[in-house]
Amino acid sequence: MAAKTKKPTFYITTPIYYASGALHIGHCYTTVACDAIARFKRMDGFDVYYLTGTDEHGQKVQQAAEQKGMTPQAFVDGLAERIQKLWQRMDISNDGFIRTTDKAHEKAIADIFTKLYEKGDIYKSEYSGKYCAPCESFWTSSQLVDGKCPDCGREVQDTKEECYFFRLSKYADRVRKLLTETDFLQPDSRVREMVNNFIDKGLTDLAVTRTSFDWGIKVPFDPKHVIYVWIDALPNYITALGYGADGEKYKKYWPCDLHVMAKEIVRFHAIVWPAILMALDLPLPKRVYGHGWIMFGGDKMSKSKGNVVDPFILTDRYGVDALRYYLLSSMPFGDDSNYTSELLLSAINNDLVNDLGNLVRRTLAMSKQYFDGEVVKPQADERDAEYKSAIDALAEKVRADMDKPELNKALEKIFDVIGRSNKYIDANKPWELKKTGDTVRLNAVIYNLLEGIRVCANMLLPFLTKYPTRIFDGLGIAEPNDFKAAKYGAVKQFKTTEIEPILNRLDIKKELAELEAIANQAEEKEQTKAEEQELISIDDFFKSELRVVDIEACEKVEKAKKLLKLTVFDGERRRTIVSGIAMAYAPEELVGKKAALVANLKPAKLCGIVSEGMLLCSVGEDGIPRLVMPTGKAGDKIC
């Protein structure tokens, strides 16, 4: 017996999405695009491993959890569950889902950090420069755009902090060659961005730990430091394969064939990630692709700008295939693209309902009407040569576009054959052939149309997950699991049945009004919810025990610019209070003063210090909190 041929491997990844809020269709775009590529490669004979996941550590996650009164772990557990439900809804066929809170990942990261430190590629120093809190990114002054964060455009803060640094500068020349002398990074516009904006300006060493928060992987030999995102998140692509543990998947699938992400994080994947791998003496990924943004009214689609489009709502209303098709067909993969609901609805009507839906409906109806669904392979006819040639050429054309990858162009090729098929009906007029009694020619025309539909449905399988399967049911043949039969004439006889359309034509004006109403309802619901959360009853108010306290001692909290540590006397005992009032007072100003204390508040740890209550403050227009200073003696109740 001949040995079974080993399939070539193909490893593809999305970035791991930051677990600080709900995902929108911008995230769906990346994940659906990778899914289409993964599905295509599986059907094209590859052993595919498709990875996605969540980045769950960091200051923003800790702050978001605190705002909701949750532990960071409980917070990210809930988000990870919702994200995985979204991927199930979108029919994402990922083979792995990595979470940076996975114990195996945390152990591997600690080992990687130690290895880099022992090699001398990580060292301890002090960071002094610009910091963007929303992006959790450090910048030099030369990297700022108009004095603001180059990624999100927000204000940056001056910061100083003890950190461990990765020697990124050491690998600058090797990274430059990688970007300029190979096709490692695509499209070419991203290469120019990286070289002009970062490489040519000089790569500085990278801060890779923090001490101002504690939600993360601790440095094994210096646990007051938390390993920062670059060393924590980026190696997920190898830790998910078991690097540092059993490693069987790592040996099989690494190096990665294709990392895909939106352009704002290309810098980390095209500069920092290869430098880390160089330092570890590990193989580099074969390709990094940075696609453009989905724009919404001229702005980048993002949670922070309030223009999120909920994929659950869209798929509930129009189905998964409609959203997948719109994302993959309407947006050139390397460029920015505008999202509007009107464009989505037009794509549904024009492409899925009119072109594909009507072709399938008409052809299956004619097959049933003229031949009771039984249509046989005809003799060759020169009149059909051009149409048959277009069917035959489709698979190779789609493969060429998917390898680039240019997913929208691959779909264009498929819908070009769908368009040709509709024109083929109009040109051959089957209804007139029926009238004249030319059943041989009529059989040939219907067979050719069924073959065109079959091959197009075959090539659509990576892109759409519902409708192609329905089409194969109508054709009366099994759904293929590869593209070998994506050639004209592979079926000797069809036994068709009519199927219900997957989508009906939409009234765009009505749908736009409905979508606006849904958005308004959601906004009103959120506003009502926020208002209800803000309102308390008189009973709730009287649960707070307010007392006058004497401030006996006060000092700054190390490495926390806004916090002061106070010792106060409440009439019965002394308490330690941590308060964010350092912007308003020098510590010595407060000694001997009085303050108002919420005395029955549950203790909380801030910067490693247990705070046994909260001091009441007022906040003026400058945003700086200042103490409410009552009269009376320590222990007096405040009404």
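Keep in mind the model is a prediction, meaning the values are calculated, not measured. (Residues numbered from 1 in each chain as written. Predicted model: local features only at pLDDT ≥ 70, side-chain atom pairs only at ≥ 80, totals over all residues. Heavy atoms only, no water.)

**Here we look at the environment of Pro274**
And step 1. Of note, Pro274 is situated in helix α10 (residues 266–279).
And step 2. Considering only alpha carbons, one finds Pro274 and Val175, 99 residues apart in sequence, at a separation of 7.2 Å.
And step 3. Among residues more than four places away in sequence, those in contact with Pro274 are Leu178, Phe184, His269 and Leu284. (Helix = DSSP H or I, 4+ residues; strand = E, 2+ residues; numbered from the N terminus. Contact = heavy atoms within 4.5 Å.)

**Some points on the packing of aromatic side chains**
And step 1. By the definition in use, this model includes 24 aromatic pairs.
And step 2. With a centroid separation of 6.2 Å and 75 degrees between ring planes, the pair formed by Phe10 and Phe46 is classed as edge-to-face. Here the residue Phe10 occupies a position in strand β1 (residues 9–18), and Phe46 occupies one in the loop between α1 (25–43) and β2 (47–55), the gap between them amounting to 36 residues.
And step 3. Residue Phe46 is classed as partly exposed on the basis of its relative accessible area of 21%.
And step 4. Measuring from centroid to centroid gives 6.2 Å for Trp254 and Trp273, while their planes differ by 70 degrees, and the two rings are edge-to-face. Highlighted residues: Trp254 in the loop between α9 (248–253) and β12 (258–262) and Trp273 in helix α10, separated in sequence by 19 residues. (Phe/Tyr/Trp six-rings, centres within 6.5 Å; stacked < 30°, edge-to-face > 60°. Buried < 20%, exposed > 50% of the residue type's maximum accessible area, 1.4 Å probe, protein only.)

**Thoughts on the sheet that holds strand β19 (residues 546–556)**
And step 1. Taken together, the five strands give an open sheet; going across it, the order is β21-β20-β19-β22-β25, and neighbouring strands pair in antiparallel fashion. Each edge of the sheet is formed by a strand with only one pairing partner; in this case those strands are β21 (574–579) and β25 (614–615).
And step 2. The pairing of β19 with strand β20 (residues 564–569) spans six bridges and is classified as antiparallel. Following the sheet pairing, Asp550 is matched in β20 by Phe569. (Pairing = 2+ DSSP bridges.)

**Digging into the sheet that holds strand β6 (residues 157–166)**
And step 1. Taken in spatial order, the four strands make up an open sheet running β5-β4-β6-β8, and their pairing is antiparallel. The open sheet has two edge strands, β5 (137–139) and β8 (206–207), and neither has a second partner.
And step 2. Pairing of β6 with β8, which is carried by two bridges, proceeds in the antiparallel orientation. Across the sheet, the residue bridging to Phe166 is Leu206, located in β8.

**Some remarks on unusual backbone geometry**
And step 1. With an omega of 10 degrees, the peptide bond between Trp254 and Pro255 qualifies as cis.
And step 2. Counting through the fold element by element, Pro255 comes out in the loop between α9 and β12.
And step 3. In this chain, Lys404 is followed by Pro405 through a cis amide linkage whose omega measures -10 degrees.
And step 4. Note on placement: Pro405 falls in the loop between α14 (385–403) and α15 (407–428).
And step 5. We note that Asp146 has phi near 55 degrees; this positive angle belongs to a residue other than glycine.
And step 6. Here Asp146 falls in the exposed class, since its relative accessible area comes to 77%.

**Side note on the pattern of salt bridges**
And step 1. On inspection of all chains with the given rule, the structure shows 49 salt bridges.
And step 2. In this structure, Lys170 engages Asp121 in a salt bridge whose closest nitrogen and oxygen atoms are separated by 2.9 Å. Of the two residues, Lys170 sits in the loop between β6 and α5 (172–181) while Asp121 sits in the loop between α4 (103–118) and β4 (122–132), which places them 49 residues apart along the sequence.
And step 3. A single network of salt bridges, built from pairs that share partners, joins Asp401, Lys404, Glu406, Lys409 and Lys413. (Salt bridge = Lys/Arg side-chain N within 4 Å of Asp/Glu carboxyl O.)

**A word on the packing of helix α17 (residues 439–460) against helix α18 (residues 467–475)**
And step 1. At a closest axis distance of 9 Å, the pairing of α17 and α18 adopts a crossing angle of 150 degrees. When the axis of α17 is compared with that of α18, the two are roughly antiparallel. Relative to α18, α17 is oriented so that their crossing is left-handed. Every residue of α18 that contacts α17 at Leu450, Ile453, Arg454, Ala457, Asn458 and Leu460 is listed here: Pro468, Ile471, Phe472 and Leu475.
And step 2. Split into classes, the residues belonging to the contact of α17 with α18 amount to eight nonpolar, one polar and one charged. (Axes fitted to C-alpha atoms, helices over the stretch in contact; angles between N-to-C directions. Parallel < 35°, antiparallel > 145°, perpendicular 65-115°, else oblique. Left-handed = near helix turned anticlockwise from the far one by under 90°. Nonpolar A, V, L, I, M, F, W, Y, C, P; charged D, E, K, R; others polar.)

**Description of the confidence of the model for the protein**
Low pLDDT marks regions whose predicted coordinates should not be analysed in detail.
And step 1. A residue-level look at the protein finds 93% of positions with pLDDT of 70 or above and a mean pLDDT of 89.
And step 2. Across residues 301–308, confidence stays below pLDDT 50; counting only partners more than four residues off in sequence or on other chains, it has 25 contacts. (pLDDT = per-residue confidence, 0-100.)

**Considering the pairing of β19**
And step 1. Relative to strand β22 (residues 594–598), β19 runs antiparallel, the two being bridged by five bridges. For Val548, the partnering residue across the bridge sits in β22 and is Ala596.

**Quick word on α18**
And step 1. Along α18, the residues that are buried comprise Tyr467, Pro468, Ile471, Phe472, Gly474 and Leu475. In an axial view of α18, the angular spread of the buried residues amounts to 155 degrees, which keeps them on one side of the axis.
And step 2. Structurally, α18 contributes buried residues whose contacts are with α12 (320–329), α13 (341–371), α17 and β18 (493–495).
And step 3. One or two positions beyond α18, positive phi appears at Gly476, with a value near 75 degrees. (Arc of directions from axis to C-beta.)

**Focus: α13**
And step 1. Compared with an ideal rise of 1.5 Å per residue, which puts 31 residues at 45 Å, α13 spans 42 Å between its outermost C-alpha atoms and is within 8% of the ideal.
And step 2. In the structure, α13 departs most strongly from a straight axis at Gly357, where the bend amounts to approximately 40 degrees.
And step 3. Asp372 occupies a position one or two residues after α13 and carries a positive phi of about 55 degrees. (Expected span 1.5 Å × (residues − 1). Bend = angle between axes of the 7 residues up to and from the residue.)

**Regarding the nonpolar core**
And step 1. Core analysis: the biggest nonpolar cluster contains 96 residues, and Ile414 and Met459 have the highest contact counts within it.
And step 2. Counting residues per element, this core draws most heavily on α13, at 13 residues.
And step 3. Apart from residues no more than four positions distant in its own chain, Met459 is found in contact with Phe40, Leu394, Ala395, Val398, Ile414, Phe483 and Ala486.
And step 4. Counting 73 residues, the second-largest nonpolar core is a separate cluster that includes Phe165, Phe166, Ile231 and Ala279. (Core = buried A, V, L, I, M, F, W, Y, C linked by side-chain atoms within 4.5 Å.)

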